[in-house]
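Residues per chain are reported as follows:
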Amino acid sequence: PVPFISMLFLTLLLLFLALFPGAFSCCTKISDEIPKGILRRVERFEIQKADGLCHLEAVILYVEGRKFCVSPQIRKVKKWMKKNKHKIPRRKPRGGKQRRAKIIKQKEKKQ
């Protein structure tokens, strides 16, 4: 019975991770200060909203494989984010393939 329970627990854990991939990447604490040196080295950043799985509003800064969670209310961070909008990871637009297929079908009908 012990191996069965272990296997069941592992299966449920993997299922949870598959359904909620962001559950363990939420910032749970944020800093109210950030050194300028870190801001200069940021490779990308994400904005964490206080809804869904994450219950804290934060800006996640990625520097050399490390992540820093800072308050979005820091004036330095707000100013930096305006200048560095290109460092926000782009999300793929939803439904792009369907729309493209629909346009191609319409063109085929016209010809």
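Residues numbered from 1 in each chain as written. Predicted model: local features only at pLDDT ≥ 70, side-chain atom pairs only at ≥ 80, totals over all residues. Heavy atoms only, no water.

Chemist: Help me understand the side chain of glutamine 48 in this model?
Modeler: The residue glutamine 48 is located in strand β1 (residues 44–48) in this model. Since its relative accessible area comes to 5%, glutamine 48 is described here as buried. A distance of 2.8 Å separates a polar atom in the side chain of glutamine 48 from the backbone nitrogen of cysteine 27. Not counting the four nearest positions on each side in its chain, glutamine 48 is found in contact with Ser25, Cys26, Cys27, Cys54, Leu56, Glu57, Ala58 and Ile60. (Helix = DSSP H or I, 4+ residues; strand = E, 2+ residues; numbered from the N terminus. Buried < 20%, exposed > 50% of the residue type's maximum accessible area, 1.4 Å probe, protein only. Polar contact = N/O pair within 3.5 Å; in protein donor to acceptor, adjacent residues only side chain to side chain. Contact = heavy atoms within 4.5 Å.)

Chemist: For this particular structure, what's the right way to read the nonpolar core?
Modeler: It is characteristic of soluble globular proteins that their nonpolar side chains tend to be buried jointly. Counting residues in each nonpolar core, the largest one holds 14 residues, and the members touching the most others are Ile34, Val59, Leu61, Val70, Val77 and Trp80. If sequence neighbours within four positions are ignored, valine 77 has contacts with Ile34, Val59, Val70 and Ser71. (Core = buried A, V, L, I, M, F, W, Y, C linked by side-chain atoms within 4.5 Å.)

Chemist: How should I be thinking about unusual backbone geometry in this particular structure?
Modeler: What is expected of a backbone is that most residues other than glycine have negative phi and most peptide bonds are trans. Unlike most non-glycine residues, glutamate 64 shows phi in positive territory, near 50 degrees. Relative to the helices and strands, glutamate 64 is located in the loop between β2 (58–63) and β3 (66–70).

By themselves, these figures tell us nothing about what the structure is for.
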